[in-house]
4 protein chains.
Amino acid sequence: MLEELKKKVYQANLDLVKQGLVIFTWGNVSGIDREKGLVVIKPSGVDYDTMKASDMVVVDLESGKVVEGELNPSSDTPTHLVLYKAFPNIQGVVHTHSTYATAWAQAGKDIPNIGTTHADYFHEAIPCTSDMTKAEVEGQYELETGNVIVKRFEGINPDHTPGVLVKNHGPFSWGTSPANAVYNAKVMEQCAKMAFVSFMVNPETTMNPLLIEKHYNRKHGPNAYYGQKKK
Amino acid sequence: MLEELKKKVYQANLDLVKQGLVIFTWGNVSGIDREKGLVVIKPSGVDYDTMKASDMVVVDLESGKVVEGELNPSSDTPTHLVLYKAFPNIQGVVHTHSTYATAWAQAGKDIPNIGTTHADYFHEAIPCTSDMTKAEVEGQYELETGNVIVKRFEGINPDHTPGVLVKNHGPFSWGTSPANAVYNAKVMEQCAKMAFVSFMVNPETTMNPLLIEKHYNRKHGPNAYYGQKKK
Amino acid sequence: MLEELKKKVYQANLDLVKQGLVIFTWGNVSGIDREKGLVVIKPSGVDYDTMKASDMVVVDLESGKVVEGELNPSSDTPTHLVLYKAFPNIQGVVHTHSTYATAWAQAGKDIPNIGTTHADYFHEAIPCTSDMTKAEVEGQYELETGNVIVKRFEGINPDHTPGVLVKNHGPFSWGTSPANAVYNAKVMEQCAKMAFVSFMVNPETTMNPLLIEKHYNRKHGPNAYYGQKKK
Amino acid sequence: MLEELKKKVYQANLDLVKQGLVIFTWGNVSGIDREKGLVVIKPSGVDYDTMKASDMVVVDLESGKVVEGELNPSSDTPTHLVLYKAFPNIQGVVHTHSTYATAWAQAGKDIPNIGTTHADYFHEAIPCTSDMTKAEVEGQYELETGNVIVKRFEGINPDHTPGVLVKNHGPFSWGTSPANAVYNAKVMEQCAKMAFVSFMVNPETTMNPLLIEKHYNRKHGPNAYYGQKKK
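Conventions adopted
- Residues numbered from 1 in each chain as written.
- Chains lettered and ligands numbered in written order.
- Predicted model: local features only at pLDDT ≥ 70, side-chain atom pairs only at ≥ 80, totals over all residues.
- Heavy atoms only, no water.
- Axes fitted to C-alpha atoms, helices over the stretch in contact; angles between N-to-C directions.
- Helix = DSSP H or I, 4+ residues; strand = E, 2+ residues; numbered from the N terminus.
- Parallel < 35°, antiparallel > 145°, perpendicular 65-115°, else oblique.
- Left-handed = near helix turned anticlockwise from the far one by under 90°.
- Contact = heavy atoms within 4.5 Å.
- Least-squares fit on C-alpha atoms with pLDDT ≥ 70 in both.
- Buried area = accessible area lost by both parts, 1.4 Å probe.
- Salt bridge = Lys/Arg side-chain N within 4 Å of Asp/Glu carboxyl O.
- Polar contact = N/O pair within 3.5 Å; in protein donor to acceptor, adjacent residues only side chain to side chain.
- Buried < 20%, exposed > 50% of the residue type's maximum accessible area, 1.4 Å probe, protein only.
- Pairing = 2+ DSSP bridges.
- Nonpolar A, V, L, I, M, F, W, Y, C, P; charged D, E, K, R; others polar.

Caption draft 1: Highlighting the packing of helix α1 (residues 3–18) of chain B against helix α7 (residues 178–201) of chain B. Residue and element names in this part refer to chain B. Running from amino to carboxyl end, α1 crosses α7 at an angle of 15°, the nearest separation of the two axes being 8 Å. Here α7 runs roughly parallel to α1, going by the angle between their axes. Once α1 is placed against α7, the crossing between them reads as right-handed. Taking contact as the criterion, the partners of Lys8, Val9, Ala12, Asp15 and Leu16 in α1 are, on α7, Pro178, Ala179 and Val182.

Caption draft 2: Structural context of the relation of the copies chain D and chain C. Least-squares fitting of chain D to chain C yields an RMSD of 0.0 Å, with the superposition described by an axial translation of 0.0 Å and a rotation of 90°. The transformation relating the two chain copies, once decomposed into turn and shift, fits a four-fold axis. When each C-alpha of chain D is compared by its distance to the rotation axis, Met200 of chain D comes out closest, at 5.4 Å. Interface overlap between copies: only 6% of the residues of chain D at the interface are likewise at the interface in chain C, consistent with a contact formed by different surfaces.

Caption draft 3: Spotlight on the relation of the copies chain A and chain C. When chain A is fitted to chain C, the residual RMSD is 0.0 Å, and the transformation amounts to a turn of 90° plus an axial shift of 0.0 Å. Both copies present different contact surfaces, since only 6% of the interface residues of chain A are interface residues in chain C too.

Caption draft 4: Up close: the interface of chain D and chain C. At the junction of the two partners, chain D supplies 34 residues and chain C supplies 33 residues. Both faces combined, the contact of chain D with chain C buries some 3,000 Å², and carbon together with sulfur accounts for 57% of it. When residues of chain D are sorted by the area they lose upon contact with chain C, Phe24, Trp26 and Gln106 of chain D head the list and together hold 21% of the total. Counting the contacts that link chain D with chain C gives two salt bridges. Of the charged contacts in the structure, one is a salt bridge between Glu142 of chain D and Arg218 of chain C, with a shortest N-O distance of 2.7 Å. For the pair chain D and chain C, the interface holds 19 residue pairs in polar contact (both at pLDDT 80 or more). Looking at the side of chain D that touches chain C, the elements that each hand over two or more residues are α3 (99–107), α5 (134–138), α6 (141–152) and α7 (178–201) of chain D. Top contributing element to the side of chain D that touches chain C by residue count: α3 of chain D, with seven residues.

Caption draft 5: Quick peek at helix α2 (residues 77–86) of chain C. Residues and elements named next belong to chain C. Most of α2 is tucked away: seven of the 10 residues are buried. Residues Thr77, Thr79, His80, Leu81, Val82, Leu83 and Tyr84 constitute the buried set of α2. Of the surrounding secondary structure, the elements contacted by the buried residues of α2 are β1 (27–33), β2 (38–41), β3 (57–60), β5 (92–96), α6 (141–152) and β7 (170–175).

Caption draft 6: Fine view of the pattern of salt bridges. According to the stated counting rule, one finds 36 salt bridges over all chains in the structure shown. A salt bridge links Glu3 of chain B to Lys6 of chain B; its shortest N-O distance comes to 3.8 Å. Of this pair, Glu3 of chain B and Lys6 of chain B both sit in helix α1, three residues apart, roughly one helical turn. A relative accessible area of 45% means that Glu3 of chain B is categorised as partly exposed. Sharing partners across several salt bridges, the network here consists of Glu3, Lys6 and Glu68 of chain A.

Caption draft 7: How the structure looks around the sheet that holds strand β5 (residues 92–96) of chain B. All names here are of chain B. On the basis of which strands lie adjacent, the open sheet formed by seven strands has the order β4-β3-β2-β1-β5-β7-β6 and antiparallel pairing. Strands with a single pairing partner mark the edges of an open sheet, and in this sheet they are β4 (66–68) and β6 (163–166). Pairs of neighbouring strands in the sheet enclose a mean axial angle of 25°, with direction left out of account. The pairing of strand β2 (residues 38–41) with strand β3 (residues 57–60) spans four bridges and is antiparallel. From the neighbouring strand, Leu38 faces β3, where its bridge partner is Asp60.

Caption draft 8: Region of interest: the interface of chain A and chain C. With 33 residues of chain A at the interface, the matching set in chain C holds 34 residues. Both sides of the chain A and chain C interface together cover about 3,000 Å² of buried area, and 57% of this is carbon and sulfur. If you sort the residues of chain A by the area they bury against chain C, Val201, Leu210 and Gln228 of chain A come out on top, with a joint share of 19%. Seen at the junction of chain A and chain C, the total is two salt bridges. Taken together, the elements giving at least two residues each to the side of chain A that touches chain C come down to α4 (116–119), α7 (178–201) and α8 (209–220) of chain A. Here the side of chain A that touches chain C gets 12 residues from one element, more than from any other, and that element is α7 of chain A. Among the residues making up the side of chain A that touches chain C, the classes are represented as 15 nonpolar, 13 polar and five charged.

Keep in mind that these numbers describe shape and distance, not what the molecule does.
Shown next as structure tokens:
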């Protein structure tokens, strides 16, 4: 069932390790088949070294129930499902504890858009969610984590800013495929690291908003001209 | 004698290198057989490259005397023994000079619990010991190092916060096995690095205590649901 | 056509990855044949893993038109061309988003010349360009990027200071060959990292200008005596 | 001639790369045969990849003249010779531009002794030299570099503090052999990195001098008990 998607999700999980974004089991990737309403996700707490494509767990988008798989799905599965429901164009979701993005999340600060590297992929500052309430933490915590992300994106287009920092926790990213969500996780980590150094050197630094528009649109706008895609 | 435990301790010592936690001979791991009252520990100042499982030294928990082994045990052996005596559930102890944890120890500061990565494994701030007295430094120094750690844990459950910073020195960690103590050493190093960056970005940052409870219990509480362990 | 130069440019692009200066497709190297007035440059958005020497694109220095090659040239090509026209001695140009140099560019600060490592290769501070105007950003952006660099070098000898930070963007470097431009990109990144740490430790630090002269001339002056070149 | 020493010096030069202390040709190691009054040193500006043991250059300690070797010796040779003459017990000298030690040198600050990692190998703060005069910079610069180091060690035992920061330049270290000098270069770099982080976390931190004595003597004092050496 969904063998192709399982392979893609499996490969994207391994890419998290290759890209230096996770140690131990501290990350997970999922992908979605929107026609079937099914999500494929990494099993919870399983080592990347021994994991197989067939270990990926299939979960129903609506009910959250396991449809196929011997293992428990990632404990963050409810967060992934909320994101798939709220952001209709995304095809993959990633969660990591990557060093610099997590450090900004722990600092409780948005990563400001101060460079074209950031603007090439994220139109806005990478937003940090607000504190969760007692009811949210003690209730359906992982589902509520998804809800605070969605709430934070009121007025922000998730297709143009494909990532978020959950306060005191760490980054989630998404994209047009599981692999693209991993790509965006790597970009976010790199931007978090560079922004840290930039602010140490100059705490007052900002970027001209015109440059944001230029760079974002150069790669993603209707007249994009970066890369080999024919216009 | 204790061949299985020697292999585990040997492998855990090599894992310190693999995890990037030690250079040269700057670290040691031990494991305990509590029934026999014997501790197996790395020999002092021996290279990881040439070390063999059979080089591990067997020491008596009570007397500290070498029971088996050609080589001198780690000079930190008395510290390990104090920890095994004071913390009855621990099965492995690790000492390293890993970069960021050592830097916090040199700063003389607890690593505050400001992120879920930390709270997933350490219930409290990772405490830093106080200055040692002249009598402690000039007396049985390594034994007294163990004593200041134990004193610092008055009111802290060592099973829930499996690590400490010895002021101006470096981290010690422990766990349910030698491998688990290494795992906790890696988590501590990663948390130390992220906390450093977080405090540079926002010196005032804190974490909601509710989130600490949630995350610690999600992995370690009676209703833990992370990973594949059956409830 | 220009097979030798294509190989050199191809190899220099791979060296960007080897030197840790780029991830993904975030960098490009070009080389020039000044007699023929032709520039060879990396194609836009192509993976380093799959790229071949024959994928390098040949562009006319004056018109900027593609003379040979199936793929689109790097979107930064117009910047490269402006630099080749303005700086008549340079034979290679590099653009990267390397971490520390980009962080200084995002900070909008020149990298001051505070060490002999810097002075060995860059006679001046590595200058950061000023903000681009609305007309520059919305017009021929990549060409104007070249123009702001050239303007920033009024009074600075580009042969003695072979690199620049484009504000909020990242570093460009150049040299006596594509490989030498990559070398200078690596030096710039290393100097950016060290200067960051130096300023954290001592925000007031400076270097004696005499030392700058000494070191720059030891390697590059008429009486240079570093290395094996005969005087 | 001196084939054994050449091999040791050659291997120690390669170890600089392996230990991550140099990129390109930014480092050199020498060793001495004190009976013969001859120093073996890396040739200037030669790549580590292609260098052979037989490329090592033999130089006369007193005159500084090349006694054997086709290539120019390191341009830092006069500094090495001054150190061998002033510090009679040292058998190897290393110079690098390693990142964090160089950053402290650029900051013009001693690396304070705030941790036992430092105290295990360096009894004092790692001193930073003062500014060189116009006459020193414009005269026999490399020889004068040696002289400012020696001057800085008035009142400091170079056998107990085997390294120095040359202001705005970088670290020199030495030891009981070429390999030991490399070892000390690595310790210095690691201490420089940890001290940077410690001071960011707590700019006021210090270490109890008793702890310095304890740790230095535990490894190097008359009653040293670290490692496997018989007392």
